[in-house]
Amino acid sequence: MASLALLAGLAAYPALAQFSAPYDPDFASEKKPEPAPQPSEPEPEPAPAETAPEPAFVAPPAEVEGPSFRLLDRPDGAGFLTPAPEPSASTEPARAPRDPGEVRAGMTAAQYDAARFSRVREQVDRGEEPGEERVSGPGGPLLVDQQDVSLSTSAPQPPPPEVELPTYGTSLSVTGRKVIGFNFSEKRFLNSQRTTGRPQTTNLVEIDQQLQLRMQGKVGPKITVNVDYDDTKLNQQDISVVYQGDPNEVVQNVSFGDIDLSLPATEFVSYNKQLFGIRADVKYKGFRSTFIGSRTKGQTKTKQFTGNTQFVATDVSDISYIRRQYYDATFANPSRLPIRAGSERVFLARQEIGANNLNEQTLTVDDIVCQGVGCVDSSTFTGKFLPLVAGQDYTIDYAKGIIQFRNQLLPQYVVAIDYLDNLNNPLTTQSSSHTLAGGGSGRFKLIKTPADVPIVSSGTEAGWNREMKTFYSIGQNQIVRDNGRGNFFLRVLDLNRVEVGPGLNPVQKYTDTIDVDFENGIFRLRQPFSVTNSSPSTPDPDVYAQTPISKRLFRVEYNFRFKTFFLEPNLVVQSEIVILDGQKLTRNVDYFIDYEAGFITFFNPDRIGPASTIDMSFEVAPFANLNNDTLLGARVSHEWGPDGKYSVGSTMLYQAGAKSPTVPQITELAKSLLVYEFDAQAKRIKIGDRLIMTLAGEFAQSRQNLNLNPFALIDNMEGIKQEDSASTLAAQWQIASNPGAVAAPPTA
């Protein structure tokens, strides 16, 4: 129906068109009708078309008398969609096809109605079918059924209510939520509070509202809108409206809101900040200008860092090993390795009075060494144990049999363990720390005893001495790896700072017997210090006692890579500009910044090399937000000559504080800063046949006014005000001297 209605509307106007071959013989020109051919004579050849040039899209005459073409009557039984019946066989000779040039010569150009096109486009924008108006005209009757036409003499009905939004170039995405929470609380007392005056019943109604809105899109083909509002976060109110003009327009860009305010940089003057303000770019032929204006939120400061590594030289004592975190789960028997992954069960008894946990269970654990007949020894411990979680409370190296606790254990803690060894034998069924023999008690085995001492006075216990005291912390993580060129230095010295590591037994030398974890900043001795060189398997009791005595130290020199830099506390939100080696970084993609604490952390510290330069510009919010300066800036330039060969320009920046209408304090003075420059450039000037020279010059100057107010208060004397009042009692009045005369008598 839509296509039929459109056809009926177009029938009201003359059908003017040009055709190219093939030509439909059902259409014939009214001006040059063809005579009926005689059956006995062949049809003569058509005359050639006139040599007049073919018209192409020529405006039609003011008045057209009737249509240029008419639709011939079809034979009976042939409809619009029904083909005509097959004609009977005829003995007439076939007519020769007409020359398309002759046909086109008698046609007029196509006719275009701009008003009708506008009406059809409006119907499409409203969601209607085009051509529903069904206008009749001289072309013939309406091509619609009579059922679709209804006549009425009453007043026309108003259109239904609707919200019309132009869809041409408009695309908006609006998301958000509005939360309204109600909280009602009531407190009632059993008895009236007569002494304090407190009511017997109190109630409180609290209403909590939250609004989060985000809108992005375009209004028209040139205006972009971005709104991000969240009242649940501090300073989360970003609004920006940007108008982007066409390349040939005078106004190229107009931006308003939380945008990047920047001016084209010259040799001495540049500005680039993300503030709440307005920016406009104008271009006319060779002239270009940029204008910015905003209100600053704080004081601008800059910092520069070179690289992200720092050299450190430090001494680590031999008794400064990491305490109560690393334990040997093999009980000094490597034949149990490797431990079956995921088979371990670790329990911890805190032994804290009054601290109960629902997951605790009472267990009796013992040592792995069998003592006495039937392997029932007296070295047992009974307490309330709490199961630990792998990866959360501890990590275990199944290949080396080392268990590391996440946090340092307290001296009173007790730890028991069970696992499957390389032969799938449970540790609870084993009765010796030296062999894998069975016959154990079936209890969990102790790897840490209370106070790190034997439970009974016996030399056959092993669990109390499972702590590994050979791990040391360097003090920094992310240490630069040893490149073999002297960037990492680790040696064992005596107290006189003489290197003694290679002469010890066992030898303590990096990298032969000392392993370093550069990422975590930890190094480990493969074997502990011995009591003497003649007894290498006996640990030094002075170094590993409960109250150790230092005998040696480690000298460590290294470079560590850090990824967090400190700027200043109380930074203005989104005021920072971070440039790494000339490339601007993106917030929350390349780095994270804590505006309150003033720390900035880079996500990829390997990107920063030893010679990299990090330039940071930021704003610091003053106390109580007392600083609120005005910023104005402009850049005007003109280029002429081929390819902008010659150019002149000027830049101006003006920043000033709010001038107080009253006399301010000496610490609240408003100041201003004016920066301006003039520059000129001549590019690609040929000197001779082979030399090309570019000349550029710039003059820049800054002027600062530290006090915009002519007067300021040093002290208003309000804190030292003194008042004297005369008493109204006669007894408190006394005789005083009469200035300039003799004192008067009391009776005068």
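How each quantity is defined
- Residues numbered from 1 in each chain as written.
- Predicted model: local features only at pLDDT ≥ 70, side-chain atom pairs only at ≥ 80, totals over all residues.
- Heavy atoms only, no water.
- Salt bridge = Lys/Arg side-chain N within 4 Å of Asp/Glu carboxyl O.
- Helix = DSSP H or I, 4+ residues; strand = E, 2+ residues; numbered from the N terminus.
- Buried < 20%, exposed > 50% of the residue type's maximum accessible area, 1.4 Å probe, protein only.
- Pairing = 2+ DSSP bridges.
- Axes fitted to C-alpha atoms, helices over the stretch in contact; angles between N-to-C directions.
- Phe/Tyr/Trp six-rings, centres within 6.5 Å; stacked < 30°, edge-to-face > 60°.
- pLDDT = per-residue confidence, 0-100.
- Contact = heavy atoms within 4.5 Å.
- Patch = residues over 30% accessible without salt bridge, like charges linked within 9 Å, V, L, I, M, F, W, Y side chains within 5 Å.
- Areas by Shrake-Rupley, 256 points an atom, 1.4 Å probe, with all protein chains shown as cover.

Caption draft 1: Main features of the pattern of salt bridges. Taken as a whole, this structure holds 25 salt bridges when the rule is applied. Across the pair D315 and R555 runs a salt bridge, and its minimum N-O distance is 3.0 Å. Remark: R555 occurs in strand β24 (residues 552-561) and D315 occurs in strand β9 (residues 309-317); sequence separation between them is 240 residues. When the shortest N-O distance is used, the salt bridge between R481 and E519 registers 3.1 Å. Placement of R481 in the loop between β18 (471-473) and β19 (489-494) and of E519 in the loop between β20 (514-517) and β21 (522-525) is noted, with a sequence separation of 38 residues between them. What makes E519 partly exposed here is its relative accessible area of 34%. Several salt bridges share partner residues, and in doing so they unite D315, R497, R555 and E557 into one network.

Caption draft 2: Structural context of unusual backbone geometry. Geometrically, the link from L337 to P338 is a cis peptide bond, its omega value of -5° lying close to zero. Relative to the assigned elements, P338 resides in the loop between β10 (326-328) and β11 (345-349). At the junction of N505 and P506, the peptide bond is cis and its omega measures out at 5° in the coordinates. Counting through the fold element by element, P506 comes out in the loop between β19 and β20.

Caption draft 3: Structural context of the sheet that holds β19. On the basis of which strands lie adjacent, the open sheet formed by three strands has the order β9-β24-β19 and antiparallel pairing. Looking at strand neighbours, the two that pair on one side only are β9 and β19, the edges of this open sheet. Along the sheet, successive strands turn relative to each other by an average axial angle of 15°, direction set aside. Sheet topology places β9 next to β24; nine bridges connect them, and they run antiparallel. Note on β24: the bridge partner recorded for F311 is N559.

Caption draft 4: Region of the structure containing the packing of aromatic side chains. All told, the structure shown has 21 aromatic pairs when counted by the stated rule. Ring plane angle 55° and centroid distance 6.5 Å describe the contact between Y558 and F560, whose orientation is recorded as tilted. In this structure Y558 comes out as buried when scored by relative accessible area, which is 2%.

Caption draft 5: Seen up close, the confidence of the model for the protein chain. Scored by pLDDT, the protein chain has a mean of 77; 72% of the residues are at 70 or more. For the stretch residues 1-21, pLDDT sits under 50, and the model shows 47 contacts to residues farther than four places along the chain or on other chains.

Caption draft 6: Focus on the sheet that holds strand β25 (residues 564-566). With antiparallel pairing, three strands are arranged side by side in an open sheet as β25-β29-β28. Edge strands, defined here as strands with exactly one partner in the open sheet, are β25 and β28 (591-594). Averaged over neighbouring strand pairs, the angle between their axes works out to 20° when direction is ignored. Pairing of β25 with strand β29 (residues 599-602) involves three bridges; the strand directions are antiparallel. The partner of F566 across the bridge, within β29, is F599.

Caption draft 7: Spotlight on a nonpolar patch on the surface. Judged by side-chain polarity, L172, V174, L211, L213, V219, I223, I239, V241, F256, F276 and I278 come together as a nonpolar surface patch covering roughly 820 Å² of accessible area. Of all elements in the fold, only β1 (171-188), β2 (201-219), β4 (237-244) and β6 (271-284) reach the threshold of two or more residues within the nonpolar patch. In terms of residue count, β2 provides more of the nonpolar patch than any other element does, three residues in total. Structurally, I239 is set in strand β4.

Caption draft 8: Region of the structure containing the side chain of R323. The residue R323 is located in the loop between β9 and β10 in this model. Apart from residues no more than four positions distant in its own chain, R323 is found in contact with Q408, D452, E467 and K469.

Caption draft 9: Representation of the environment of Y558 within the structure. Within the secondary structure layout, Y558 lies in strand β24. Sequence-wise, Y558 and V312 are 246 residues apart; in three dimensions their C-alpha atoms are separated by 5.6 Å. Beyond its immediate stretch of four places on either side in the chain, Y558 contacts Q310, F311, V312, T314, I474, Q476, I479, N487 and F488.

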